[in-house]
Amino acid sequence: MMDLAAILVEHGLSDAESSAKAPMLARCSDALGTCAQDPDAADILIFAPGRIEVLGKHTDYAGGRSLLCAMERGFVFAARPRDDSRVRAMSVASGEMRELSLRDVHEAAPGDWSAYVSTVATRIARDFSAVQRGADIAFESDLPGASGMSSSSALVIGVFLALDAVNQLSANAGYRGVITSPEVLGNYLGAVENGRPFGALAGDRGVGTLGGSQDQTAILCCRAGMLSQYAFCPVRAEREIVFPSDRAFVVAYSGVAAPKTASALLRYNEASLAVERILAVWNESEQRTDGSLGDAVASAPDAAARIRARVATHTGSDFSAARLVARLDQFVAETFDIIPATADAFARHDLAAVGTLVDRSQRGAETLLGNQVPETIALARSARALGADAASAFGAGFGGSVWALVAADDAERFAAAWRRSYALEFPTADAGAEFIVTRPGPAAMRIR
């Protein structure tokens, strides 16, 4: 276990988190030893982190930008190749096992984790003929589920990396002709998760919201100790900023789950569908073919004002004009003003400016985007009242988590005080809450 911990430290994970991951990996290997088709095969070991959306609330699928980092919490996987096209996956924590085929659709029960395994396995087998071989996979996670920290995308990416390894997919010429960089892979796996087409590759059943590829990009591309600014549609790296050495994130999972079940998807997807309507109104009225709302806003200095004027008179039955104006205003402010200015403030270590800008982003989520719940609103406000440099909810919304930027040497005390404050106001939700101290961690990796 010490060797594994040392490898993780070399990749940028902290000593404490590396030491915590090593026994998780050992448990995954032990689980495979009891159920794998080939008990003597060497284990493929993988780490896939969660992510923090520092800023970028519902911006990626609209062609906007985000400020991101990977977390030090995530999923670990052990995998062994099979000599057939079956995928057998085991959750070490629950002992549950699911078996499926690379070729056949697996009908999972609503909310079952096997839907994510099946979605990525069948899609990549369909898209790339080099994927012929199945795998035995065991996984364990120290991320709270349905928390907004991208546990579902981390699971998808870990399964992809396992199947990539057993099929040597990354060395295949056909694959490399399509997936030319980690950013492109993030874009592709975003399409896998939401079911959309990717270039010439047709869409298929998805398992997530009508989102973009922010989560996958962060998990695959962010670097330890760094904040990364990305633009989307297509994915492109814009800048990296060194995270302040004297600061840490405390991430509070509110205890209000944000599951991607059928009823919840309607709420999540409303923000995405509103963007589609805004873009359609603009393109139709201006006889344009802008591919994303970000492209439309960037098309001319006055484009944002002109788009706003167009949607302010919208009379369709799907969205009110007021809703479309609010959605547009939130997107434009977050993408073109708040995120670039916040990255600049981080770069010059102006944490007061970071706090002011992040407060503005949080207000936009509450009043314009409309995806917050009382618990996440209270967590952001109480973090600031307790002295955090900045605090914001993140993820799809309607539950989930809030990050707070605090002094690293005070993070544990702050986390305890923040939790006490939350428990007093929301004792029921606090029963399922979790408070995590982390710094920006490394991207997903094959450890061995």
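Use the structure listed above.
Presented here is a report on the structure given in the accompanying data block. On a predicted model such as this, the values are computed, not experimentally measured, just so you know. Once a new chain begins, its residue numbering starts again from 1 and follows that chain's sequence as written. Totals for whole chains, interfaces and linings use every residue, but because this is a predicted model, local features are given only for residues with pLDDT of at least 70 and side-chain atom pairs only at 80 or more, for both listing and counting. Water and hydrogen atoms play no part in the side-chain values, which are based on all heavy atoms of the structure.

1. Remarks on the overall build of the protein
Selection criterion: In this text, helices come from DSSP runs of H or I with a minimum length of four residues, and strands from runs of E with a minimum of two, each type numbered from the N-terminal end. We take the radius of gyration over the C-alpha atoms and set the globule estimate at 2.2 Å times the residue count to the 0.38 power. For every residue, the accessible area obtained with a 1.4 Å probe (protein chains only) is divided by the maximum for its type, and the residue is called buried under 20%, exposed over 50%, and partly exposed between those limits. Any pair of residues with heavy atoms lying within 4.5 Å of one another is described as a contacting pair. Exposure was quantified through the Shrake-Rupley algorithm and a 1.4 Å probe, taking into account, for residues, occlusion by the shown protein chains and nothing else. The convention is simple: Lys and Arg are positive, Asp and Glu are negative, and His and the chain ends are not counted. Where a charge sits is defined by one atom per residue type, namely NZ (Lys), CZ (Arg), CG (Asp) or CD (Glu).
A tally of regular secondary structure across the protein gives 15 helices and 12 strands. Relative to the globule expectation of 22 Å for 448 residues, the C-alpha radius of gyration of the protein, 21 Å, shows essentially globular dimensions. Seen through its principal axes, the protein has C-alpha atoms that stretch 65 × 55 × 40 Å. Taken across its 448 residues, the protein has 59% of its residues classed as buried. Put simply, of all contacts in the protein between residues at least 6 apart along the chain, 72% involve residues at least 24 apart. Carbon and sulfur atoms make up 52% of the accessible area of the protein, which totals about 16800 Å². Across the protein, the centroid of the 42 positively charged side chains sits 3 Å from that of the 53 negatively charged ones.

2. Observations concerning the state of the cysteines
Stated formally: We call a pair of cysteine sulfur atoms a disulfide when they lie within 2.5 Å.
Tallied over the entire structure, the rule returns 0 disulfides. With no disulfide partner, Cys 233 has as its closest neighbouring cysteine sulfur the one in Cys 221, 15 Å distant.

3. Observations concerning the sheet that holds strand β9 (residues 390–394)
To be explicit about the condition: Only when DSSP finds a minimum of two bridges between them are two strands counted as paired. In this description, a line fitted to the C-alpha atoms serves as the axis of each element, helices being fitted only across the stretch in contact, and the angle between N-to-C directions of two axes falls anywhere from 0 to 180 degrees.
Pairing in this open sheet of 4 strands is antiparallel, and the strands run β9-β10-β8-β11 from one edge to the other. Looking at the sheet topology across the chains shown, the edges are occupied by β9 and β11 (434–438). Here the strands of the sheet are splayed against their neighbours by 20° on average, with no regard to which way each runs. Of the pairings in the sheet, the one linking strand β8 (residues 247–253) to β11 comprises 5 bridges and is antiparallel in character.

4. Things to note about the environment of Ala 390
Along the chain, the position of Ala 390 falls in strand β9. Looking at Ala 390, the relative accessible area reads 0%, which means it is buried. Along the primary structure Ala 390 and Ala 352 are separated by 38 residues, whereas in three dimensions their C-alpha atoms are 8.2 Å apart. Among all residues touching Ala 390, those that are not within four sequence positions of it are Val 354, Gly 355, Val 358, Arg 384, Trp 403, Ala 404 and Leu 405.

5. With respect to the nonpolar core
Short version of the rule: In this text, buried Ala, Val, Leu, Ile, Met, Phe, Trp, Tyr and Cys residues form a nonpolar core when linked through side-chain atoms within 4.5 Å.
If you look at the biggest cluster of nonpolar residues, it comprises 56 residues, and the most contacted ones within it are Phe 77, Phe 160, Leu 163, Tyr 188 and Leu 189. Elements that contribute at least two residues to this core include exactly β1 (44–55), β2 (65–81), β3 (86–91), α3 (114–127), β5 (135–141), α4 (151–167), α6 (182–194) and α7 (214–221). Per-element tally for this core: the top contributor is α4, with 11 residues. The residues touching Phe 77, leaving out its near neighbours within four places in the chain, are Leu 25, Ile 44, Leu 45, Ile 46, Ala 48, Ile 137, Ala 138, Phe 139, Ala 154, Leu 155, Gly 158 and Val 159. Residues Phe 243, Ala 353, Leu 357 and Phe 394 belong to the second largest nonpolar core, which totals 30 residues.

6. Topic: the packing of aromatic side chains
Threshold: Each aromatic pair joins two rings of Phe, Tyr and Trp (for Trp, the six-membered one) with centres within 6.5 Å, and gets the label stacked for planes under 30 degrees apart, edge-to-face for over 60, and tilted for any other angle.
Under the defined criterion, the tally for this structure stands at 15 aromatic pairs. A centroid spacing of 5.2 Å and a plane angle of 70° characterise the contact between Phe 128 and Tyr 175, whose relative ring orientation is edge-to-face. Taken as a pair, Phe 128 in the loop between α3 and β5 and Tyr 175 in helix α5 (residues 173–178) lie far apart in primary sequence, 47 residues in all. By relative accessible area, Phe 128 is classed as buried at 5%. Judged by relative accessible area, which is 4%, Tyr 175 ranks as buried. An aromatic cluster is defined as three or more aromatic residues linked by ring pairs; in this entry it consists of Phe 128, Phe 160, Tyr 175, Tyr 188 and Phe 198.

7. Some remarks on the pattern of salt bridges
Going by this rule: For this analysis, a salt bridge means a side-chain nitrogen from Lys or Arg found within 4 Å of a carboxyl oxygen belonging to Asp or Glu.
The full count for this structure, using the stated rule, is 36 salt bridges. Here Glu 238 and Arg 65 are joined by a salt bridge, their closest N and O atoms 2.8 Å apart. In this pair, Glu 238 is assigned in strand β7 (residues 236–242) and Arg 65 in strand β2, connecting sequence segments 173 residues apart. Residue Arg 65 is classed as buried on the basis of its relative accessible area, which comes to 16%.

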